[in-house]
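A structural walkthrough
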Amino acid sequence: MACVFVFVYGTLKRGQPNHAVLQDSAHGCASFHSCGRTLEPFPLVIAGQHNVPYLLHLPGKGYRVRGEVYAVDEKMLRYLDDFEDCPTMYQRTPATIVLEGEGQEAGCPQEATLQCFLYSKATYPPEWVHLPYHDNYDSKGAHGLRYNPRENR
Ligand code: PCA
């Protein structure tokens, strides 16, 4: 089947605690496409006792979130759905991503966009909307809300 694009904004990014999931060929294939950010703003919050990042499905509020686009095969997509406990914990929703990086800054009058999937949260406790919003998640950021990996829970 054709590859689909997945935009990751949280623990699946390079240098973040779950990135190895994308690199394990036993899960399927994921190849880095480019960096990018959401065309629309979304609230990206860090919530719950394990400090998990969630992009709340509330377009128009928050920041245009930065992340990475990967082309993934069907096997990896299924693995990621399972890993992200989709559709229970996260929902895989389509979003327009504005690509950034090589070739995008220089001499490119129009922004290149790509339709991607991302793992967002459609249902959440109402008070989460009032948490601080992030635009570029880092589990070791100045927010101090260090992600607690699954194996430690
Ligand atoms: N993993 C997914 C959703 C949030 C998370 O930690 C990601 O990195 O995009």
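Here, the structure is the one placed above.
The following refers to the structure shown. In this text, all values refer to a predicted model and were calculated from it rather than measured experimentally.

1. Some thoughts on the site of the ligand
Near the ligand, the surroundings consist of Val8, Tyr9, Gly10, Thr11, Leu12, Pro53, Glu84 and Tyr90. Between the ligand and Tyr9 there is a distance of 2.9 Å, counted from an oxygen atom to a backbone nitrogen or oxygen. Note that an oxygen atom of the ligand is positioned 2.7 Å from one of the side-chain N or O atoms of Thr11. Look at the ligand: alone it shows 250 Å² of surface, and the protein chains cover 99% of it. Judged by the proximity of its atoms to the pocket grid, the ligand belongs to the largest cavity. Along the lines of polarity and charge, the residues of the shell around the ligand split into five nonpolar, two polar and one charged.

2. A closer look at empty space enclosed by the protein
Taken as a whole and assessed by the stated rule, the structure comprises one cavity of 30 Å³ or more. As a volume, the largest cavity reaches approximately 160 Å³. If you go around the largest cavity, you meet 16 residues; those closest to its centre are Tyr9, Gly10, Thr11, Glu84 and Tyr90. At the level of elements, strand S1 (4-8) and strand S4 (52-56) are the ones that each hand at least two residues to the lining of the largest cavity. A breakdown of the residues in the lining of the largest cavity according to their chemical character gives 10 nonpolar, three polar and three charged.

3. Describing the packing of aromatic side chains
Scanning the model with the defined rule gives four aromatic pairs in all. Arranged with centres 5.3 Å apart and planes meeting at 35°, the rings of Tyr54 and Tyr90 form a pair that is tilted. Of the two residues, Tyr54 sits in strand S4 while Tyr90 sits in the loop between helix H2 (74-83) and strand S6 (91-100), which places them 36 residues apart along the sequence. Overall, the relative accessible area of 6% leaves Tyr54 in the buried class. Among the aromatic side chains, those forming a connected cluster through ring pairs are Tyr54, Tyr90 and Trp128. Between Arg14 and the ring centre of Phe32, over which it is positioned, the NZ or CZ distance is 4.1 Å. Directly above the ring of Phe117 sits Arg92, whose terminal nitrogen or CZ lies 4.5 Å from the centroid.

4. Some remarks on the nonpolar core
Formed by 36 residues in total, the largest nonpolar core has its most connected members in Phe7, Tyr9, Leu12, Tyr54, Val69, Leu80 and Ile97. When contributions to this core are tallied by element, the ones reaching two or more residues are S1, helix H1 (20-23), strand S3 (44-47), S4, strand S5 (66-72), H2, S6 and strand S7 (113-121). Not counting the four nearest positions on each side in its chain, Tyr9 is found in contact with Leu44, Pro53, Tyr54, Leu55, Val65, Arg66, Gly67, Tyr90, Tyr119, Ser120 and Tyr137.

5. So, the pairing of S6
Walk down a regular strand and you will see the side chains alternate between the two sheet faces. In this sheet, S6 lies alongside strand S2 (residues 30-38) in antiparallel orientation, the contact comprising four bridges. Of the residues in S6, the one forming a bridge with Gly36 is Leu99. Sheet analysis places S6 next to S7, joined by eight bridges and oriented antiparallel. Each bridged residue has a counterpart across the sheet, and for Gln91 the counterpart in S7 is Ser120.

6. Observations concerning the side chain of Asn18
Looking at the secondary structure, you find Asn18 in the loop between S1 and H1. Residue Asn18 is classed as buried on the basis of its relative accessible area of 9%.

7. Observations concerning the pattern of salt bridges
All told, the structure shown has six salt bridges when counted by the stated rule. Put simply, Glu100 and Arg66 hold a salt bridge, and the shortest N to O gap is 2.8 Å. Of this pair, Glu100 sits in strand S6 while Arg66 sits in strand S5, and the two are 34 residues apart along the sequence. Its relative accessible area of 24% is what places Glu100 among the partly exposed residues. We classify Arg66 as partly exposed; its relative accessible area is 27%.

Rules used throughout
- Residues numbered from 1 in each chain as written.
- Predicted model: local features only at pLDDT ≥ 70, side-chain atom pairs only at ≥ 80, totals over all residues.
- Heavy atoms only, no water.
- Near = heavy atom within 4 Å.
- Polar contact = N/O pair within 3.5 Å; in protein donor to acceptor, adjacent residues only side chain to side chain.
- Areas by Shrake-Rupley, 256 points an atom, 1.4 Å probe, with all protein chains shown as cover.
- 1 Å grid on protein atoms, 1.4 Å probe; cavity = no way out; pocket = protein on both sides within 12 Å on 5 of 7 lines; lining within 4 Å.
- Sits in = over half its atoms within 2 Å of the grid points.
- Nonpolar A, V, L, I, M, F, W, Y, C, P; charged D, E, K, R; others polar.
- Points joined across faces, edges and corners; volume = space filled by probe spheres on them.
- Helix = DSSP H or I, 4+ residues; strand = E, 2+ residues; numbered from the N terminus.
- Phe/Tyr/Trp six-rings, centres within 6.5 Å; stacked < 30°, edge-to-face > 60°.
- Buried < 20%, exposed > 50% of the residue type's maximum accessible area, 1.4 Å probe, protein only.
- Lys NZ or Arg CZ within 6 Å of the ring centre and 35° of its normal.
- Core = buried A, V, L, I, M, F, W, Y, C linked by side-chain atoms within 4.5 Å.
- Contact = heavy atoms within 4.5 Å.
- Pairing = 2+ DSSP bridges.
- Salt bridge = Lys/Arg side-chain N within 4 Å of Asp/Glu carboxyl O.

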